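# Descriptive structure summary
Each chain, written out:
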Amino acid sequence: MKDFSYCPFCREKMEHVMIEHEGRERNVCPKCGYIQYHNPLPSVGMLVIKDGKCLLIKRGKAPGKGSWAPPSGFVEVGETLEDAAARELKEETGLIAHASELIGAYCEPNDVYGYVITIVYLCEIDGGELIAGDDAEAAGYFALDEMPEMFFPCFDKAIKRYRETH
């Protein structure tokens, strides 16, 4: 995220200063005291496991175009994390599902979006037909012990956690 040059409230020129009690530098308005924060974006990822295999999509767009990952995407304003997971899964795979278990939450840097928090759920399929949709070039199941390298490290961590706990 780009730093504001001017305060969005009083239009005073912003200053980059050390916030002592936070231990970090931030953009601050010297007139009204507004502090500009850079917060990570919330996203969800879905692990669908069937017969010892994990559903992955081949990403059709940047970042990570052409690489494999579980279905995932950003949370929209006004939707729950579970609703976002179900929506993204349907958009990318055609499958209808619900989040059945929280696997973990991960925060990592991303070259395009800055920091992203990804909440990963185990999902149970309720219906639909598997197709590569929306942002996916392909979709398919991979044996848990023969997974391709993931573009986003959080998914390697989530799959490892799943294997350790199930």
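Refer to the structure above for everything that follows.
Residues numbered from 1 in each chain as written. Predicted model: local features only at pLDDT ≥ 70, side-chain atom pairs only at ≥ 80, totals over all residues. Heavy atoms only, no water.

Quick look at the packing of aromatic side chains now. Throughout the structure, instances matching the rule amount to six aromatic pairs. Centre to centre, the rings of Phe74 and Tyr113 are 4.8 Å apart; their planes meet at 75°, and the pair counts as edge-to-face. Taken together, the residues span a long stretch of sequence, with Phe74 in strand S8 (residues 72–74) and Tyr113 in the loop between strand S9 (95–110) and strand S10 (114–128) at a distance of 39 residues. Ring pairing ties together the aromatic residues Phe4, Phe9 and Tyr34, which thus form one cluster. Directly above the aromatic system of Tyr6 lies the positively charged group of Lys13, at a separation of 5.5 Å from the ring centroid. (Phe/Tyr/Trp six-rings, centres within 6.5 Å; stacked < 30°, edge-to-face > 60°. Helix = DSSP H or I, 4+ residues; strand = E, 2+ residues; numbered from the N terminus. Lys NZ or Arg CZ within 6 Å of the ring centre and 35° of its normal.)

Before going further, it helps to spend a moment on the sheet that holds strand S4 (residues 41–47). Taking strand neighbours across the sheet as the criterion, the four strands line up as S8-S4-S10-S9 in an open arrangement whose pairing is mixed. The open sheet is flanked by S8 and S9, the only strands paired with a single partner. The average angle at which neighbouring strand axes cross in this sheet is 25°, direction not considered. In this sheet, S8 lies alongside S4 in antiparallel orientation, the contact comprising three bridges. When the bridges of S8 are listed, Gly45 appears paired with Ser72. Together, S4, S8, S9 and S10 form the strand contacts of helix H1 (residues 81–93), whose direction differs from that of S9 by roughly 100°. Helix H2 (residues 153–165) contacts S4, S8, S9 and S10 of the sheet and is inclined by roughly 125° relative to S9. (Pairing = 2+ DSSP bridges. Axes fitted to C-alpha atoms, helices over the stretch in contact; angles between N-to-C directions. Contact = heavy atoms within 4.5 Å.)

Let us now look at the sheet that holds strand S3 (residues 35–36). Strand order in the open sheet formed by three strands is S1-S2-S3, with antiparallel pairing between adjacent strands. Looking along the sheet, the strands with just one partner apiece sit at the ends: strand S1 (15–19) and S3. Pairing analysis gives five bridges linking S1 to strand S2 (residues 24–28), with the strands arranged antiparallel. Note on S2: the bridge partner recorded for Met18 is Glu25.

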